[in-house]
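# Remarks on the overall topology
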Amino acid sequence: MAIALLFVVFGVMLVLGVPVAYALAAASLATLLYLDVPSIVMVQQVSAGSGSASLIAIPLFIFAGEIMMRGGISERLISLASSLVGRMRGGLGQVSILSSLFFGGVSGSALADVSAVGGTMIPQMVQRGYDRDFAVNVCITAALVALLVPPSHNLILYSAAAGGGLSIADLFAAGIVPALLMTLVLMVTCYAVARHRGYGVEIFPGWRAVALRLVSALPGLGLVALIFVGIRAGIFTAVESAAIAVVYALLVTSVLYRQMPWREFLGTVVHAARSAGAILFVIATAAVFGWLLAYLQVPSASVDFLTGLTQDRNLMLLLMILVLLVLGTFLDLAPMILICTPIFLPVARAIGIDPVHFGVILVLKGGLSLISPPLGSVLFVGTSIGKISIGQSMRTIWPFWLAGLAVLLVVAFVPALSLWLPAVLKA
């Protein structure tokens, strides 16, 4: 009865349009009162959930990404991508996809990616004769790459939700090959759709221009190497790397690029604080929800139930993916990670799935939810920039959405794609 109350109250609150953090808090409080557990437990778990030292990395990485986005790096990355792939069919669409790969290594956020890259590329594509739905669909699906490349704060969040015992360096390394695969598949899909619609190509600026644009973008791309190599080599922790990333981003944008005046810096601080505050509030309330799941023994019951349905590892994995796809239509990525990790990670362990591999599956699957109605935040931002309705986008997004689903299934059933690079770097 308590389990039913927990999920029913949460579901009803979501249907009523209550923000996820408040829905989590209301469902948790109602269940605590029903169980006659002292309400002070809620305060304790909120404090414990938001007090983990590893979570400090999330607002710092968000801040670093905001600085780089507003400090001129996004324009340089787009310019570099344009010189590399603009001459392919659907040129500006290809530029959007490659730019998202580059910018994802700076921001680690799909929302920041679609705001920066989409905010620049969608209007340009419309002006150059591309259909609005194509421009929006390319940009919002390409933004999913940012979820997998370092410094993905969603992978840090998964590590915290898993109990903090997973190596963030391994998770960062595990996301790189799937991110490259996603980029390649989306570029092929973009080529096919562009060819069908008769879109043209961009003029190749010459190798000298490519070299100049690469030199201009290298300081921004250097942030990725600084974070990944530093953590992987054990030079500094994830939190230390996030603090160094902020300092590095400030130096690059204010000293080298000279595009971070004081007023722009204050705006960056405010926007980063709002973004980080919203995420940390969700984390805090989800901690109570997660504690109740453990208290009510939901994870062990989930293991017993799902393993009772089938003993086939592949069928079990497919079943979990289907359940997560359904749940993702009602939950944003951060709360989905916090809620689903305690439930499904024990199941994954029970059938022999590596926790690092499962983290990549969970984040990639959550990315598909970000571009799906009714709660897809990346979908909302992209359609707002493109000035089209969600319905217009949904009618033609299916080639790109299916491409993302295909990558998810390949990554899920070929563990080596996620686990090969961490193993190589450990050797």
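Summarised in this report is the structure supplied together with it. Since this is a predicted model, take the numbers as computed values, not measurements. (Residues numbered from 1 in each chain as written. Predicted model: local features only at pLDDT ≥ 70, side-chain atom pairs only at ≥ 80, totals over all residues. Heavy atoms only, no water.)

### Notes on a nonpolar patch on the surface
For clarity, the threshold we go by: Two joining distances apply to patches: 9 Å for like charges and 5 Å for nonpolar side chains (Val, Leu, Ile, Met, Phe, Trp, Tyr), and every residue must have over 30% relative accessible area and no salt bridge. The protein chains shown are the only cover counted for residues, whose accessible areas, like all others here, come from Shrake-Rupley with a 1.4 Å probe. Put simply, a salt bridge is a Lys or Arg side-chain nitrogen that is within 4 Å of an Asp or Glu carboxyl oxygen. Helix and strand assignments follow DSSP, with helices taken as H or I runs no shorter than four residues and strands as E runs no shorter than two, numbered in order from the N terminus. For every residue, the accessible area (1.4 Å probe, protein chains only) is compared with the maximum for its type, and the residue is labelled buried under 20%, exposed over 50%, or partly exposed between those bounds.
A cluster of nonpolar side chains, namely Leu-315, Leu-318, Leu-322, Val-410, Phe-413 and Val-414, defines an oily patch on the protein surface of about 450 Å² accessible area. Contributions of two or more residues to the nonpolar patch are made by α15 (313–328) and α20 (398–413). Its location among the elements puts Leu-322 in helix α15. Residue Leu-322 is classed as partly exposed on the basis of its relative accessible area of 45%.

### A few points about the nonpolar core
Applied cut-off: Here, the term nonpolar core denotes a set of buried Ala, Val, Leu, Ile, Met, Phe, Trp, Tyr and Cys residues that are joined through side-chain atoms within 4.5 Å. For this analysis, residues touch if any pair of their heavy atoms sits within 4.5 Å.
Counting residues in each nonpolar core, the largest one holds 152 residues, and the members touching the most others are Phe-10, Phe-134, Met-320 and Phe-358. With 13 residues, helix α10 (residues 168–197) is the single largest residue contributor to this core. Beyond its immediate chain neighbours, meaning those up to four positions away, Met-320 contacts Leu-306, Phe-344, Val-347, Ala-348, Ile-351, Ile-353 and Phe-358.

### Examining the side chain of Thr-183
Assignment of secondary structure puts Thr-183 in helix α10. If we skip the residues at most four places from it in the chain, Thr-183 touches Ile-97, Leu-101 and Val-145.

### Focus: the pattern of salt bridges
Counted under the stated rule, the structure contains two salt bridges. Between Arg-197 and Asp-131 there is a salt bridge, and its shortest N-O distance comes to 3.1 Å. Residue Arg-197 is found in helix α10, and its partner Asp-131 is found in the loop between α7 (110–127) and α8 (132–142); the two are separated by 66 residues along the sequence. Judged by relative accessible area, Arg-197 falls into the partly exposed class, the value being 28%. Put simply, Asp-133 and Arg-197 hold a salt bridge, and the shortest N to O gap is 3.0 Å. Taken as a pair, Asp-133 in helix α8 and Arg-197 in helix α10 lie far apart in primary sequence, 64 residues in all.

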